[in-house]
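The primary structure of each chain is shown beneath.
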Amino acid sequence: DFVVTLQLKVQTLECDSLIMNPSDLMVIDSFLLVVDSYDEKQIHLYNLNTKKKIAARIFSGQGPKDMIQPMFVDNDKTELQLFDMAISRLFRYDLQTFVCKETPDFIQRIKLPKRPLDGVEMMGGKIYGFSYGNEKRILVFDGESGEQLSGIVDYPVCDIDYTDAEK
């Protein structure tokens, strides 16, 4: 039934250290960034050219530079963005500083007033995230202040009266 069939090519990446418990990954330039909560630092950086681990960043915790449940944010790749799902905050970093500095400072930390259900994405200066228990499926936030701007995409109309948890 498929119009076009494509052949996928796989290349196994064998680095100089084990990735024990990966939950998210992103490639920017020649860097592979992996969220791996196995160690005390959660973001691990690998050089794809040398296949070596070059650094680990961001302690697990509740300090001002720590994160509890980080996820990468898709964006235009001019910077590194991480969203801490546990506290509903987006952290923006300069990529070069993040790679070079042992304890990188964030450019900006944005608190969202409503917690998205699963990750967020940044497009056109706005933050988009799936909602939970709202009338709209996707919440839209301002990319600078974090203020909720709107909700988009209606849930399907249903005659059954569900509880909020079931919805």
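Since this is a predicted model, take the numbers as computed values, not measurements.

Would you take a moment to explain the nonpolar core for this structure?
Nonpolar side chains in soluble globular proteins tend to be buried together. Residues Leu33, Ile43, Phe72, Leu80, Leu82, Tyr93 and Phe98 are the most contacted members of the largest nonpolar core, which totals 18 residues. Mapped onto this core, the elements with two or more residues apiece are β1 (22-28), β2 (31-36), β3 (41-47), β4 (52-59), β6 (80-84), β7 (89-93) and α1 (95-100). Excluding residues that lie within four positions of it along the chain, Phe72 makes contacts with Asp24, Leu25, Met26, Leu33, Val34, Val35, Ile43, Leu80, Gln81 and Leu82. Counting 11 residues, the second largest nonpolar core, distinct from the first, contains Ile110, Leu112, Val120 and Ile127.

Sorry if this is basic, but what is going on with unusual backbone geometry here?
Of all residues except glycine, most have a negative phi; of all peptide bonds, most are trans. Here the phi dihedral of Lys51 falls at roughly 60°; this positive angle occurs in a residue that is not glycine. Structurally, the position occupied by Lys51 is in the loop between β3 and β4. Judged by relative accessible area, which is 30%, Lys51 ranks as partly exposed. Unlike most non-glycine residues, Ser88 shows phi in positive territory, near 55°. Relative to the elements of secondary structure, Ser88 occurs in the loop between β6 and β7.

I keep staring at the sheet that holds strand β12 (residues 148-154) and nothing clicks. Help me out?
The strands that make up a sheet pair up through hydrogen bonds in the backbone, lying either parallel or antiparallel. Sheet architecture is open: 4 strands sit in the order β9-β10-β11-β12, paired in antiparallel fashion. Strand pairing shows two members of the sheet lacking a second neighbour, β9 (120-123) and β12, which therefore form its edges. Across the sheet, the mean angle from the axis of one strand to that of its neighbour is 25°, orientation sign disregarded. Bridge count for strand β10 (residues 126-130) against strand β11 (residues 136-142) is 5 bridges, and the pairing is antiparallel. Residue pairing for β11: Phe130 is matched across the bridge by Ile138.

What is the right way to read the pattern of salt bridges from this model?
Note on pairing: side chains with opposite charge can pair once their charged atoms come close. The tally for this structure, following the rule as stated, stands at 6 salt bridges. As a salt-bridge pair, Asp105 and Lys65 come within 2.3 Å of each other at their nearest N and O atoms. Taken together, the residues span a long stretch of sequence, with Asp105 in the loop between α1 and β8 (108-111) and Lys65 in the loop between β4 and β5 (70-72) at a distance of 40 residues. Look at Asp105 and you get partly exposed, because its relative accessible area is 35%. Residue Lys65 is classed as partly exposed on the basis of its relative accessible area of 30%. Salt bridges linked by common partners bring Lys41, Arg57 and Glu102 together as one network.

I tried to follow the packing of aromatic side chains on my own but got confused; where do I start?
Two descriptors summarise a pair of aromatic rings, namely the distance from one centre to the other and the angle between the planes of the rings. All chains considered together, the criterion is met by 2 aromatic pairs. Centre to centre, the rings of Phe91 and Phe106 are 5.4 Å apart; their planes meet at 75°, and the pair counts as edge-to-face. Remark: Phe106 occurs in the loop between α1 and β8 and Phe91 occurs in strand β7; sequence separation between them is 15 residues. Of the residues examined, Phe106 reaches a relative accessible area of 24% and is grouped as partly exposed.

It is not clear to me how the sheet that holds β3 should be interpreted in this structure. Could you clarify?
Ordered by their spatial adjacency, 4 strands build an open sheet running β1-β2-β3-β4, and the pairing between neighbours is antiparallel. Edge positions in the open sheet fall to β1 and β4, since each of these has one partner strand only. In this sheet, adjacent strand axes meet at a mean angle of 20° when their direction is disregarded. Bridge analysis of β1 against β2 gives 6 bridges, and the strand direction is antiparallel. Directly across from Pro22, in β2, lies its bridge partner Asp36.

About the thresholds
- Residues numbered from 1 in each chain as written.
- Predicted model: local features only at pLDDT ≥ 70, side-chain atom pairs only at ≥ 80, totals over all residues.
- Heavy atoms only, no water.
- Core = buried A, V, L, I, M, F, W, Y, C linked by side-chain atoms within 4.5 Å.
- Buried < 20%, exposed > 50% of the residue type's maximum accessible area, 1.4 Å probe, protein only.
- Helix = DSSP H or I, 4+ residues; strand = E, 2+ residues; numbered from the N terminus.
- Contact = heavy atoms within 4.5 Å.
- Pairing = 2+ DSSP bridges.
- Axes fitted to C-alpha atoms, helices over the stretch in contact; angles between N-to-C directions.
- Salt bridge = Lys/Arg side-chain N within 4 Å of Asp/Glu carboxyl O.
- Phe/Tyr/Trp six-rings, centres within 6.5 Å; stacked < 30°, edge-to-face > 60°.

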